[in-house]
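Letter by letter, the chains look like this.
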Amino acid sequence: VLKVNNLEMQNQLGAISREPKWAVAFKFPSYKTKTKLLDIGINVGRTGSLNPYAILSPVDVNGVVVKRATLHNQDYIDSKDLRIGDQVIIERAGDVIPKVVAPIVEERDGSEIVFKFPKICPNCFFEIERSEDESTVFCLNISCSERLERSVEHFVSKVAMDIQGLGPKITKSLIENNLIKNLHDIFQLEVGPLVEIDGMGQKKACNLIKAINDSKKRPFSNVLVALGIAHLGIESASIL
């Protein structure tokens, strides 16, 4: 990490929400390796965005086995000319996030398949839409179960309402059992129905209700972040 070696200058430069303006990290070039692009899947984000991801033949990338990598959107796939069945070069961007760098075009044998983005949501089969100024495609169904799952996961996260015990597995069960149909249903949960869910139990249910009640004491800035408003992070919410 390279830093400004003067405390007065550091104070003048200041910092943004999570990092100082007077320091920058230098990272060595990422380790790259080859694997096969087995398929391209789609998941639905909390805003309804349809996010493609690469399903890869498992490969060790500098000590970590990588099976998946984000592909961002259709434009990203098209710009790199990625095809299902390609041999591809992958890396861990910043030695953390798996990334598909490029296909190995010279190794194609003609069996590769050009990916076509779905015309409906693959989860709820509702219509989708792409705005003229956006590269992302959105599911228009606000009741899409996968979209709701992601919304709840964000709502209960540490930066938002910080509800301990309401992880992805429990969230999925609550939605499947129709106990959560929208965000405010979280605050209507009761111990009785929770106990009926597999793997919950009386003690776990009571702890979850306590955590939900405790979350009502969070600052209103956390509530704003929890709503998942586009471009609104914790710092902007605190200022508002």
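Each value, and the rule that gives it
Residues numbered from 1 in each chain as written. Predicted model: local features only at pLDDT ≥ 70, side-chain atom pairs only at ≥ 80, totals over all residues. Heavy atoms only, no water. Buried < 20%, exposed > 50% of the residue type's maximum accessible area, 1.4 Å probe, protein only. Helix = DSSP H or I, 4+ residues; strand = E, 2+ residues; numbered from the N terminus. Contact = heavy atoms within 4.5 Å. pLDDT = per-residue confidence, 0-100. Axes fitted to C-alpha atoms, helices over the stretch in contact; angles between N-to-C directions. Parallel < 35°, antiparallel > 145°, perpendicular 65-115°, else oblique. Left-handed = near helix turned anticlockwise from the far one by under 90°. Phe/Tyr/Trp six-rings, centres within 6.5 Å; stacked < 30°, edge-to-face > 60°. Pairing = 2+ DSSP bridges. Core = buried A, V, L, I, M, F, W, Y, C linked by side-chain atoms within 4.5 Å.

## Section: helix α3 (residues 145-155)
Link 1 in the chain: Taken across its 11 residues, α3 has 8 buried, putting it largely inside the fold.
Link 2 in the chain: The complete set of buried residues in α3 reads Glu146, Arg147, Leu148, Glu149, Ser151, Val152, His154 and Phe155.
Link 3 in the chain: Packing partners of the buried residues in α3 comprise β3 (32-44), β11 (137-139), α4 (168-176) and α7 (220-226).

## Here we look at the confidence of the model for the protein
Link 1 in the chain: Mean pLDDT for the protein: 93, with 100% of residues reaching 70 or above.
Link 2 in the chain: For the protein, helix α8 (residues 234-239) is the element with the lowest average pLDDT, namely 91, and strand β6 (residues 83-84) is the one with the highest, namely 97.

## So, the packing of α3 against α4
Link 1 in the chain: In contact at an axis separation of 10 Å, α3 and α4 are set at 135° when each is read in the N-to-C sense. In terms of their interaxial angle, α3 and α4 are classed as oblique. The element α3 and its partner α4 pack so that their crossing is right-handed. Contacts between α3 and α4 involve Ser145, Leu148, Glu149, Val152 and Glu153 from the former and Pro168, Thr171, Lys172 and Ile175 from the latter.

## Overview of the packing of aromatic side chains
Link 1 in the chain: All chains considered together, the criterion is met by 3 aromatic pairs.
Link 2 in the chain: Plain terms: the ring middles of Phe155 and Phe187 are 6.0 Å apart, the flat faces sit at 75° to each other, and that makes the pair edge-to-face. Residue Phe155 is located in helix α3, and its partner Phe187 is located in the loop between α4 and α5 (191-195); the two are separated by 32 residues in the primary sequence.
Link 3 in the chain: For Phe187, a relative accessible area of 27% puts it in the partly exposed group.

## Considering the environment of Glu153
Link 1 in the chain: One can find Glu153 in helix α3.
Link 2 in the chain: With a relative accessible area of 25%, Glu153 lands in the partly exposed category.

## Overview of the pairing of strand β7 (residues 87-93)
Link 1 in the chain: Pairing geometry for β3 and β7, over 5 bridges, is antiparallel. Opposite Thr35, over in β7, you have Val88 as the bridge partner.
Link 2 in the chain: Linking two consecutive strands that pair antiparallel, namely β7 and strand β8 (residues 97-103), is a turn of 3 residues; a positive phi of about 65° is found at Gly94 within it.

## A few points about the nonpolar core
Link 1 in the chain: If you look at the biggest cluster of nonpolar residues, it comprises 26 residues, and the most contacted ones within it are Leu50, Leu56, Leu71, Ile90 and Val100.
Link 2 in the chain: Those elements that place two or more of their residues in this core are β3, β4 (49-61), β5 (64-70), α2 (74-80), β7 and β11.
Link 3 in the chain: With 5 residues, the top contributor of residues to this core is β4.
Link 4 in the chain: Look past the residues within four positions of Leu71 in its chain and what remains in contact with it is Ile40, Pro52, Tyr53, Ala54, Tyr76, Ile77, Leu82 and Val100.
Link 5 in the chain: Judged by nonpolar contacts, the second largest core, of 23 residues, contains Leu166, Ile175, Ile180 and Met200.

## Comments concerning unusual backbone geometry
Link 1 in the chain: Despite not being glycine, His72 has its phi angle at roughly 65°, a positive value.
Link 2 in the chain: For His72, the location among the structural elements is in the loop between β5 and α2.
Link 3 in the chain: For His72, a relative accessible area of 41% corresponds to the partly exposed category.
Link 4 in the chain: Even without being glycine, Asp81 reaches a positive phi, approximately 55°.
Link 5 in the chain: Here Asp81 lies in the loop between α2 and β6.

## Re α4
Link 1 in the chain: Every buried residue of α4 is accounted for by Ile170, Thr171, Ser173, Leu174 and Ile175.
Link 2 in the chain: Elements that come into contact with the buried residues of α4 comprise α3, α5 and α6 (202-214).
Link 3 in the chain: Positive phi appears at Asn178, one or two residues downstream of α4, with a value of about 60°.

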